[in-house]
Amino acid sequence: MTTATTGRTTAKGAVGTAHTRVEGRDKVTGAARYAGEVPFADLAHGWLALSTVTRGRVRSIDTDAVLGMPGVLAVLHHGNAPRVDTDYIGLLGIPPDPTAAVFQDDRVPHAGWPVALVVAETPEQAREAAEALVVTYDEEPHDTALTSDHPGAYPADGHMPAETEKGDLAASLAASAFVVDEEYTTPEEHHSMMEPHAATALWDGGRLEVIDSNQGATWVQTELAKMFSLDESAVRVRSEHIGGGFGSKGLRAHQVSAVMAATVLHRPVRVVMTRRQMFSLAGYRSPTAQRVRLGADADGRLRALDHRSLNQTSTVYEFVEPGAGVARVMYDADAHRTANHVVRLDVPSPTFMRAPGEAPGSFAIEAALDELAERCGVDPIELRLRNEPEAGPVSGLPFSSRNLAACFREGARRFGWAERDPRPGIRRDGRWLLGTGTAAASFGAGAGPSTALLTAEADGTFTVRIAAADLGTGARTALTLVAADALEVTPERVRVRIGDSDFGPAMIAGGSMGTRSWAWAITEAARDLRERLALGTTVPPEGITVRSDTTAALGALAQKERHSFGAQFAEVAVDTATGEVRVRRMLGIFAAGRIVNPLTARNQLVGGMIWGISMALHEEAVRDRATGGLYAPDLAGYHVATHADVGDIHADWVDDHDPDDPVGIKGVGEIGIVGAAAAVANAVWHATGVRHRSLPIRPDRVLSATAPTAGGGADA
C-alpha cells in the first residue's frame, strides 16, 4: 500500500508542450503488434473471393474441387453461411452497410462483391484455392457512370438535412452586380492507408473475441453483437495498434466473414484484405458533381448563394457525401440554398473519408469564391473577410468561436500575400509560370458520449482505460498528457490503455471528435478520483478505480456552432509545355481550440495539407464503363502524392478559446485537408490564367486547357 500524492508538474503542465509518442519505441522496434500480426494457436486463414461481374446473380459455385485442395478447411457462401441480422440501427445512428453482411443471398450488386470465403491452414493455401474457385453468374446490365444530369438523382439527408433554403434566390441573382455559375467535379478517391483491414475471430468460453484494426472497438462490438444476435457483453473487440483508417475502418466484410468461419470451424480464423480488395470492400470517397451559383454586390458582398452537390451511392446502401454542407457554415447571403443529392449506381458503397463532405465541398465553394473575387476586382482574402457571417448561416446559432479572420491575417503576413500581383500569368521562373492561391477551411468540432476508467495504483502511478482508437495520430500520447494535467502529476506516472471494448463505450476515432470526447471523459474521471484521493488517502493493493460518463455533460453544453477554422495558402509552378504542376510551398494557419501536443498536432495538419496536394494533382480512381471495375486498383495505378511532390510546407495555429467548453479541444485530424485543394487550384489559375474546375489537375488537362484571353481568364 502507498499514500497518494499529487506530484504536481510545472505550472504550465503537460498539455501544450511537445511530446514524442509514448508508444514510439514499440512501433519502430516492431514490439507493437497490429491486427494481422497477433499470434494464435491453431489459427486458420480466410481468403475472400470477389465477384468478377458488376451486376447479376450467382448461378453456381463449384466448391468440390477447391475443398479437395491441400489445407482447405471450408468454403462459405450464400448457400451455407450463417444467417445474420441487418434490420437494426447501429451505434452511429445509421443502418449497417449490407456489404458487411456477407453471403446472405445470390445477388451481386457491384464488381468486387464478396461471393465466398475460402478457409485453409495457411494464407497461401487459402489464396490459391480462392483463385481456383469457379463461380458462374447470370449477368445483368449495369450503370456505373455519375453524371450531373443523371435522372436517378434524389435528395438524401445522411447526417444533415438534404436541403436548406431561405430567401428568393432567382431575384437575388438577378439583382447581383456579379454572378458566378459554374460546375465543379471531384473524382472517386480511396483511403489507401498503410495497414490493410485485418481481423481475427475466435470463441473463448462462449464469448466472441475479435482482434481487429478499427476506428472504434465499441462501435464494432455493438455492430457484431446486433448482427449475430448476441448480447454485447458476449462480444469483446480489441484494436490496440492501427496503421491508419481515415474513415474506412468500421464494420466490414472481413470481420463478419471471420466470425462466420470461426463459428463454423470452432477455431480462430483470420481474414486480411489485400490492397486490391480494399478498393471494392473498404469504401471510398464518392465522386461529386457540384454546381455553385454566387451573386454579389459591386463591393463583393454576397446576395445569393446556391451550392448543390451530387454523389453516387450503391444500390444496397445509401451514403451521402455532403459537399454542400460546408456552405452552411462558411458564408451567408440574403438568398441561401444548399442541397445534397445522391444517385444509386452499380458501384461499391462509398463511406466516410478524411473530411467527408468538407474536402470536396470546399474545393467547389472556395474555387467559386476565387472566381467571384476576380470578377469583382477584390482581393480573395478581402472578399472572404467581407463575407464573414455573424451567426450560423443556416442554423442561426452563435459561433462558439470563429477566428478565421485571424488565420487569414496571420497567414497573409507569413506567406507574403501583400506582395502578390493579382494579375494571372505574370510571374515566371525560367520555364515555370508561378502563382499563389488561398482558400478558407472549416470542420465541425463535435463530441460523443464516452466513458473512462481511471485507477490510482498502489505504486503511485495511474492507469487510464478507455476504448479510444489511435489511428497513428498520437492519441495515446495526447490522452496521457490530458490525464497527467487533470491529475496534477507528471506524464511518466500515467499509463493509458486503449482499444478494448471491455473498457466501456467511447466515441469512435472519426469526425475529429475522438480526442475531444475521450479527453472529456478522462478529465471527469480524474476530477472524481482526486476528490477520493485527498492527501493521505491510503491506496489498497488493487488500487482505487473511478468511472466517468460524459453523456449528461454533453447534453448540458450550450447549443452553438462549434468548428475549427483555417486559412490555406499555396504557391505553384506550372510548366505549360509539359503540363507539370509543382507545389513549391504551402502554409496553413488554423484555429483549432486547445492544442494538446504541438508535435503530433502539426504532423496531423501537415499530413492533411499533403493530402490536399494529392487530391488537387494526383488522386483519381477511374471506372471502366464496360466492365464496371476500376482500372489498376492498387498503389501502382492509384497515384498519391509522394515526397517528390511535396515542397516547403508549414502549419501553425492561432489562439482559439471557447469560454463555454470545459475541454476546449476541437480536433485537427481533418481540418488540414479542407481548402487545401482549392488553394492549389486557385494558385494554378493565378499562374496560368486558366480555371480548372475538375480535379485532379493532371498534366493532360493543363496541356489541353484553353489559352487565356486578352482579358486574362480562361477555362479548363
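Model, not experiment: these values are computed from the prediction. (Residues numbered from 1 in each chain as written. Predicted model: local features only at pLDDT ≥ 70, side-chain atom pairs only at ≥ 80, totals over all residues. Heavy atoms only, no water.)

Caption draft 1: Local environment of helix H12 (residues 475–487). The terminal C-alpha atoms of H12, which comprises 13 residues, lie 18 Å apart, in line with the 18 Å expected from a rise of 1.5 Å per residue. Across the 13 residues of H12, twelve count as buried, placing the element largely inside the fold. Taken as a whole, H12 has its buried residues at Ala 475, Arg 476, Thr 477, Ala 478, Leu 479, Thr 480, Leu 481, Val 482, Ala 483, Ala 484, Ala 486 and Leu 487. Just beyond H12, the residue with positive phi is Glu 488, at close to 60°. (Helix = DSSP H or I, 4+ residues; strand = E, 2+ residues; numbered from the N terminus. Expected span 1.5 Å × (residues − 1). Buried < 20%, exposed > 50% of the residue type's maximum accessible area, 1.4 Å probe, protein only.)

Caption draft 2: Representation of the side chain of Ser 176. Position of Ser 176 relative to the elements: it lies in the loop between helix H4 (169–174) and strand S10 (178–186). Here Ser 176 falls in the buried class, since its relative accessible area comes to 12%. Only 2.7 Å separates the side chain of Ser 176 from the backbone oxygen of Ser 172, close enough to count as a polar contact. (Polar contact = N/O pair within 3.5 Å; in protein donor to acceptor, adjacent residues only side chain to side chain.)

Caption draft 3: Main features of the sheet that holds strand S20 (residues 451–456). Read across the open sheet, the four strands follow the order S22-S21-S20-S24; overall the sheet is mixed. In the strand order of this sheet, the two ends are held by strand S22 (494–497) and strand S24 (544–549), each with one partner. Here the average twist between neighbouring strands, direction ignored, is 20°. Where strand S21 (residues 462–465) and S22 come together, four bridges link them in parallel fashion. (Pairing = 2+ DSSP bridges. Axes fitted to C-alpha atoms, helices over the stretch in contact; angles between N-to-C directions.)

Caption draft 4: Quick peek at the sheet that holds strand S19 (residues 432–444). The sheet built from five strands is open, its strands ordered S18-S19-S25-S26-S27 with mixed pairing. The open sheet has two edge strands, strand S18 (427–429) and strand S27 (648–653), and neither has a second partner. Direction aside, neighbouring strands of the sheet carry axes that sit 30° apart on average. In this sheet, S19 lies alongside S18 in antiparallel orientation, the contact comprising three bridges. Bridged to Asp 429 within S19 is Trp 432. Running over the sheet, helix H16 (residues 676–688) touches S19, strand S25 (563–575) and strand S26 (580–591) and is turned about 155° from S19. (Contact = heavy atoms within 4.5 Å.)

Caption draft 5: Highlighting the packing of helix H9 (residues 358–376) against H16. Packing of H9 against H16 brings their axes to within 8 Å, and their N-to-C directions diverge by 35°. H9 and H16 meet at a crossing whose hand is right-handed. On the side of H9, the interface is formed by Ser 362, Phe 363, Glu 366, Ala 367, Asp 370 and Glu 374, while H16 contributes Ala 677, Ala 678, Ala 681, Asn 682 and Trp 685. Residues belonging to the contact of H9 with H16 are distributed by class as follows: six nonpolar, two polar and three charged. (Left-handed = near helix turned anticlockwise from the far one by under 90°. Nonpolar A, V, L, I, M, F, W, Y, C, P; charged D, E, K, R; others polar.)

Caption draft 6: Representation of the side chain of Thr 461. Tracing the backbone shows Thr 461 in the loop between S20 and S21. In this structure the side chain of Thr 461 is engaged in a polar contact, spanning 2.6 Å, whose partner is the side chain of Asp 459.

Caption draft 7: Geometry of the nonpolar core. Ranked by size, the top nonpolar core spans 83 residues in total, and within it Leu 294, Phe 569, Val 572 and Met 586 carry the most contacts. For this core, the leading source of residues is H9, giving ten residues. When near neighbours in sequence (up to four residues on either side) are disregarded, Phe 569 contacts Ile 381, Phe 408, Gly 411, Ala 412, Phe 415, Trp 417, Gly 437, Thr 438, Arg 585, Met 586 and Leu 587. (Core = buried A, V, L, I, M, F, W, Y, C linked by side-chain atoms within 4.5 Å.)

Caption draft 8: Spatial organisation of the environment of Asp 332. Relative to the helices and strands, Asp 332 resides in the loop between helix H8 (327–330) and strand S17 (335–345). Spatially, the C-alpha atoms of Asp 332 and Pro 393 are 4.8 Å apart, while their sequence positions differ by 61 residues. What Asp 332 contacts, discounting residues up to four positions off in sequence, is Lys 166, Leu 302, Pro 389 and Pro 393. A distance of 2.9 Å separates polar atoms of two side chains, one belonging to Asp 332 and the other to Lys 166.

Caption draft 9: Molecular detail of the pairing of S25. Where burial is concerned, most of S25 is hidden: 13 out of the 13 residues are buried. Both faces of S25 are covered, namely the face carrying His 563, Phe 565, Ala 567, Phe 569, Glu 571, Ala 573 and Asp 575 and the face carrying Ser 564, Gly 566, Gln 568, Ala 570, Val 572 and Val 574. Strand direction decides the pairing type here: S25 and S26, joined by eleven bridges, are antiparallel. In the strand pairing of S26, Ala 567 is matched with Ile 589. Between the end of S25 and the start of S26, which pair antiparallel, lie four residues, with Gly 579 showing a positive phi angle near 85°.

Caption draft 10: Representation of the environment of His 45. With respect to the helices and strands, the residue His 45 is situated in strand S2 (residues 44–50). Along the chain, His 45 and Asp 168 lie 123 residues apart, while their C-alpha atoms are 61 Å from each other. Leave out the neighbours within four places in its chain, and His 45 touches Val 118, Val 119, Ala 120, Glu 121, Thr 122, Pro 123, Ala 126 and Arg 270.

Caption draft 11: H9, seen in detail. Under the 1.5 Å per step criterion, the end-to-end length of H9 is 26 Å for 19 residues, consistent within 8% with the ideal 27 Å. Of all 19 residues in H9, 17 are buried, a share of seventy percent or more. Of the residues flanking the end of H9, it is Gly 377, one or two places downstream, whose phi is positive at about 70°.

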